[in-house]
Structures are given as C-alpha cells and as structure tokens.
Amino acid sequence: MELLKERILKDGKSFDGGILKVDSFINHQMDPILMKSIAAEFVKRFSDLNINKIITIEASGIAPAILVGLELELPVVFVKKAKPKTMQDFYATQVYSFTKDRTYDVCVSNQFLGEGDNVIFIDDFLANGNAALGVRDLIKQAGANLMGMGFIIEKSFQEGRGRLMDQGVRVESLVRIDWLSENSIEFVQTVDEE
Ligand code: 5GP
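None of the values given here were measured: they were computed from a predicted structure. (Residues numbered from 1 in each chain as written. Predicted model: local features only at pLDDT ≥ 70, side-chain atom pairs only at ≥ 80, totals over all residues. Heavy atoms only, no water.)

Visitor: Would you take a moment to explain helix 1 (residues 2–11) for this structure?
Guide: Three- or four-residue spacings in an α-helix give side chains the same orientation, since the helix completes a turn every 3.6 residues. Every buried residue of helix 1 is listed here: Leu4, Lys5, Arg7 and Ile8. Down the axis of helix 1, the smallest arc covering the buried residues is 165°, so these residues share one side. With respect to the buried face of helix 1, the exposed residues turned more than 90 degrees away are Leu9 and Lys10. Elements that come into contact with the buried residues of helix 1 comprise strand 2 (19–21), helix 2 (23–27), helix 3 (32–45), strand 8 (145–155), strand 9 (171–181) and strand 10 (184–187). (Buried < 20%, exposed > 50% of the residue type's maximum accessible area, 1.4 Å probe, protein only. Helix = DSSP H or I, 4+ residues; strand = E, 2+ residues; numbered from the N terminus. Arc of directions from axis to C-beta. Contact = heavy atoms within 4.5 Å.)

Visitor: Would you explain the side chain of Asp117 in this entry?
Guide: Locating Asp117 in the fold gives a position in the loop between strand 6 (102–109) and strand 7 (118–126). The exposure class of Asp117 is buried, given its relative accessible area of 9%. Within the local environment of Asp117, its side chain forms a polar contact with the side chain of Asn52, the two groups lying 2.8 Å apart. When sequence neighbours within four positions are dropped, the list of residues in contact with Asp117 reads Asn52, Lys53, Phe112, Ala144 and Asn145. (Polar contact = N/O pair within 3.5 Å; in protein donor to acceptor, adjacent residues only side chain to side chain.)

This is how it looks when you write it as structure tokens:
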C-alpha cells in the first residue's frame, strides 16, 4: 500500500533492534483518514471471503478493526488483555509480548465468539506472531473459523509470517518491511508493485 509506505518513511521512526515507532499516526495519535484507507484496503483484500465477524486485540488493533467492521457492517470483537471480574465464561491463553518483554493472559467471552463464526483478525503489527498465534488459539478453542489475518505493518525479518503460514493461516499485510535500523527502512518489493 503505497500511501502507507510514504507515511512510514515520512513520519515513522526506526531504531536498531528492529523497532518501528508510528506513534504519530497509528499507535498514539491516530490519523483517521489514513485509517479509513487502511480499512478499505483490508476490505478489498478479503473481499473473496464470507465472514460474519472481525476479531482484534486491544489496544492498537481496535481502530483499524472497527473501521473494517463499519465498512462491512459486521460486529467487531476485541480480545482483552486482562480478564474482567464480571466475565464468567471465556476462552483464555497466554501471549508473550515482544515490545514489553513479558507474558500476559488474554481472553474473550464465549458470548461473542463461538462455533459457526467465520472471522478475520486485524492488528497493527506482525512481528514474531505471538499475539496472532494467541488469538488463533482462542478462535480454535471457541470452535470458530479463522479465515485470514490482516496486519497494517509486517516486519518480515521476524518470524511471524512464517509461523502463521506453517499453521496454514492466510496472511495479508499492507506493507512488509524487509529490514530496518536507525533511520533506515527497506520494504519488501511485492509482485504487484514491480
Ligand atoms: P508479535 O506478537 O507479532 O511478536 O508482536 C505484535 C505486537 O507487538 C503488535 O500488536 C504490536 O503491538 C507490538 N509490536 C511488535 N513490533 C513492534 C514495532 O516495531 N513497533 C510497534 N509500535 N509495535 C510493535
């Protein structure tokens, strides 16, 4: 997605160690106009699927997911990173966070995810795939069908894509970063852009 690449080059901050900060338009301040284009691109890429629900994980996946849900007129469920006291019946698993270097419990109520649901998962970043694999586990526990996973930014030099594809998951990333270091970002050239 050309618009997104341009914005990352203009406003993203890259660091040695493979971290990209996009705090001025995705992760802290958000650009709703860009987010609308991001959602439209996800809708286009998954247009061959018959889904009835979007799933994401708090917090940064919620904005793109809700706009996809708005466009498709479908409900959006976000996986929670802490179990509310009032939640009784839920599916839970553990996820290791690359950015925070800790493991946390994630959960989703069985009221909002179950057999017969055909879902796509939307999130901001794909790095090592831990968050995505955790959500896949919840979807499996619920007996729902995972039809695909969409990421705004994939860091292709980390393991996530490979781990998801090994599990037979369809992955759609709007931009793929081949390499990044301090003040340098290289994108994977995709076939349709060559
Ligand atoms: P994974 O579970 O795939 O290893 O990491 C995915 C999650 O970690 C994303 O939802 C995102 O919140 C965070 N993350 C991983 N790498 C980066 C990064 O380079 N920049 C930012 N802003 N978040 C990241």
